[in-house]
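Residue-level structural notes
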Amino acid sequence: MSVYRFKAIRAAQAPEHDVFTFAATPEQIWGFAEIERVGREDNGNLRGFQRHQIASHIKEIRDYLRRDDALLPNALIVAFIGGVKVKDRGDGVVDVEIKAGDVKPGFVVDGQQRLSALSGVTKPGFQVFVSALVCKDYNELRQQFVLVNNTRPLPKTLIYELLPTVEGLPERFTARKFAARIVDRLNFTRGSSLRGEIRQHTNPKGVLSDTAMQKLVMNSASDGAIREFIKDGDFENRAYDFVNAFFGAVESVFGSEWIGMSPKTSRLRHGAGIVAMGFVMEFLYSSEGATTRPEFERNLELLKKYTAWTSGQWRLAPDDERPWNGIQNTPSDIDLLTNYLVRSMKRALRQPRQVANS
Amino acid sequence: MKFLYSDTQDYVDPEYDFISDRNAPGRRRYWDDVYAHELMTPAPYDGLLVSMSAVRQAAGVANSKVRYSTAEEQRMLRDGVRKFLRYGGPKFKDAMVLGDCGAFAYADSKTPAYPPQEVVDFYLDAGFSHGISPDHIIFDCLTDNPPARDVAPGVVERFDITLSNAEEFLRLTEAEGYPFEPLGAVQGWSPKSMADAAVRLEKMGYRYLAIGGLVPLKVDVIKHVLHALRNAIKPETKIHLLGFAKADSIHQFTNFGITSFDSTSPLIRAFKDAKANYYMESPEGGLDYYAAIRIPQAIENPRLMQGIKRGIFSAEDLQRREEKALVALRNFDGGNGKMKAALEAVMDYQRFLTLGEGHPIEKYEKDLSKMRALVERTLDDAPWKRCRCSVCSKAGVEVIIFRSSNRNKRRGFHNLGVYHKHVQRTLEKKR
């Protein structure tokens, strides 16, 4: 039998329940609480409530917690069934005494991944807040679990819009963060060819998909022109200028298929069209050295006759012909359209040269 | 005889941290990773094969078969396959980079996924040194050589499609001025029909043939096919064996005038085979195989995760046993622990893998004792301590642990190296 004592702060809430918060080390928490995962008894009855651990999530938290400046201000929530004594000290301060034997009285209701991550990090003396509530029985505890965890995650579009301004995020956000910054600038910079065109949380009137635009930038940063700019100091400005020049050219060359159109009325404004045109941009950069609006314009003029953005048929392959709107925002359709556009662009560039050479 | 490895984006993080099981900080996939020919000296193969179906989406190619992102595919076409695979420079300038269509990926479709023109463009854009005509796989191989009228109509159709594609493919390659060396694909339902196809390809003008559909065939049947082929075609006509799964019987195939073959099996077996996971040259000349030691990640392994989800295993408990097994094995390797202790710790964790299968208890005991014998043999011989290859000298005992892609692929690279040497030795002996 171990006894844990903490000084805690009590909040006045429901008169029948004790709710209080205190600071404890992960080792102490493991001493008096368990993570009871959901499962079945032999007779089929449901037992426990927590879901399984998610390795990638734990790794991400652990990476963060290893840093010297890591903070974890949000509290773990532990529900107790018995085993807890609370003594009022006045002014909302209470003394808490927890007794734990072979059977632990506490159950982690929220924060199990954080607790698992913490157990893999050596940080002597690192404490976290524990918000505790005392339940009268297991059913009430399970009810609290559902209530606490029944929250809505933030909308992705809002997270992406916040990304450029947030430091110290997990690895997986960094590529997206750079892309989000470029897309932000394209959307909100005076004189940008895409100003106000991209739908974002704070620009609900925009028409172009922010994730498609980000995808275009991410593709370029991972495998294309922007990757080469990264060797330069001023790569962010170059990346912005480059994409801006390309869409300026798209607007002037495709005119009525771009201006005032929506993803429904023009495939050029559709996620598939935007991402696929990104590869035309890459091709023109690598084979023609195009970086300015006039350079892109000159080449895109040649592509016009192969496209069917708002009407007609796409002749993607000898046995794959589809109406203009028969292209969907799926990886395979994007790949097909990309190949078609890049091959057509290439063919179009070859023809005038052959004429010139003959 | 050249040994080609069929690439499926196999690279590892050279700075992977085995102790805390994580990639180097800031590591970027592909860019900071290395291919087997970058990690190992000498390179563990004589060339690479890239299948179009692993790179490009098409009707009939299941999404799961396509391993390249569209961004990677487009970069490969812009920069060329050698630069993409980082397989250029003086060191590799004469190494083959062979393109094929990956007929397995669209075997269920009525026609090949890519028409000849698209295939020629693809090989041309990516700058392959060699390219195979677009074929349509035939799985049957009937050694009693029935005539065409006695086989299923779909089969003859595939035979005809393969030949007419080859004709068109050669015409287009010629029109482009032979930017790569064309190989005519051979498909047939019997040794005789394959020999017929080969003769017709020769007549079209092919000097190099690629024999397909061999993967499911037994060694004897493959020999049968090669006899029929060699008797029908000119001695100077070159032969490539596509997806040659019988790689360990290579010594039986030295008399057929085979110029090249490709196989993935030494790498794949590192993590797909039940027990032959680690290759070693045998003192008697052949190859010896060892079982890798399975210590999967407790909260990532699907079988263990299922047990955790059903509530029959505890995640915390499994993680403790996993850690113990790793520590005991590393201690044994470093000379600070007994082999017996390592064996017990590994088997203690192994129990849960076997239990997770959900078989009856007698089967469970039997599986466990089989596994114990395999693990004991591996620990007893400790083959990784003897191996001097670039992988084993750096990764040490980690190479024998069956756990996550960075260890498993390194073991696969090691196998490729051992196998490559084995092929070279076999050929020298024959000379």
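Residues numbered from 1 in each chain as written. Chains lettered and ligands numbered in written order. Predicted model: local features only at pLDDT ≥ 70, side-chain atom pairs only at ≥ 80, totals over all residues. Heavy atoms only, no water.

**Describing the sheet that holds strand β7 (residues 181-186) of chain B**
All names here are of chain B. Operational definition: At least two DSSP bridges between two strands are required for those strands to pair. Secondary structure elements follow DSSP: runs of H or I of four or more residues count as helices, runs of E of two or more count as strands, with numbering from the N terminus. Fitting a line to C-alpha atoms yields each axis, with helices limited to the stretch in contact; the angle taken between N-to-C directions then spans 0 to 180 degrees.
Taken in spatial order, the eight strands line up as β1-β4-β5-β6-β7-β8-β9-β10 and close into a barrel, and their pairing is parallel. Pairwise comparison of adjacent strand axes, ignoring direction, gives a mean angle of 25 degrees for this sheet. Relative to strand β5 (residues 96-100), strand β4 (residues 47-51) runs parallel, the two sharing five bridges. Across the sheet, the residue bridging to Val 50 is Gly 99, located in β5.

**Remarks on the interface of chain B and chain A**
The line we're drawing: The contact definition used throughout considers only heavy atoms, calling two residues in contact when any of these lie within 4.5 Å. Once two parts are joined, some of their accessible surface, as seen by a 1.4 Å probe, is lost; buried area is that loss totalled over both. For salt bridges, the criterion is a side-chain nitrogen of Lys or Arg within 4 Å of an Asp or Glu carboxyl oxygen. Distance and chemistry together define a polar contact, namely a pair of N or O atoms within 3.5 Å, with one atom able to donate a hydrogen and the other to accept it when in protein, and with adjacent residues in sequence counting only for side-chain atoms on both sides. Residues are grouped as follows: Ala, Val, Leu, Ile, Met, Phe, Trp, Tyr, Cys and Pro are nonpolar; Asp, Glu, Lys and Arg are charged; every other residue, Gly included, is polar.
The partner chain A presents 36 residues to the 31 residues of chain B that form the contact. Of the roughly 2,700 Å² buried where chain B meets chain A, counting both sides, 45% is carbon and sulfur surface. Our enumeration of links across chain B and chain A arrives at six salt bridges. Our count for the chain B to chain A interface comes out at 13 residue pairs in polar contact (both at pLDDT 80 or more). Secondary-structure elements contributing two or more residues to the side of chain B that touches chain A are α3 (70-79), α6 (116-126), α11 (302-310) and α12 (315-333) of chain B. Element by element, the count of residues in the side of chain B that touches chain A is highest for α3(B), at eight residues. A breakdown of the residues in the side of chain B that touches chain A according to their chemical character gives eight nonpolar, eight polar and 15 charged.

**Some words on the domain arrangement of chain B**
Residues and elements named next belong to chain B. As a reminder, the rule being used: For the domain bounds, the source is a domain assignment made automatically or taken from a database.
Split by domain assignment, chain B resolves into domain 1 (2-288) and domain 2 (290-417). Each side of the interface is counted separately: domain 1 has 34 residues, and domain 2 has 35 residues. Interface area for domain 1 against domain 2, summed over the two sides, is near 2,900 Å², with a carbon-plus-sulfur share of 61%. Put simply, domain 1 and domain 2 have three salt bridges between them. Between Asp 21 and Arg 403 there is a salt bridge, with the nearest N and O atoms lying 2.8 Å from each other.

**Concerning the packing of helix α10 (residues 271-288) of chain A against α3(B)**
To be explicit about the condition: Throughout this description, any angle smaller than 35 degrees is read as roughly parallel, any larger than 145 degrees as roughly antiparallel, any in the 65 to 115 degree range as roughly perpendicular, and the remainder as oblique. Crossing chirality is assigned from the near helix's rotation relative to the far helix, an anticlockwise turn below a right angle marking it left-handed and a clockwise turn marking it right-handed.
Put simply, α10(A) and α3(B) touch, their axes get as near as 11 Å, and they point 25 degrees apart. As summarised for this structure, α10(A) and α3(B) are arranged roughly parallel, according to the angle between their axes. Two packed elements cross with a definite hand, and for α10(A) against α3(B) that hand is right-handed. Contact residues: α10(A) offers A:Phe279, A:Glu282, A:Phe283 and A:Ser286, while α3(B) offers B:Thr70, B:Ala71, B:Gln74 and B:Arg78. Counted by class, the contact of α10(A) with α3(B) contains three nonpolar, three polar and two charged residues.

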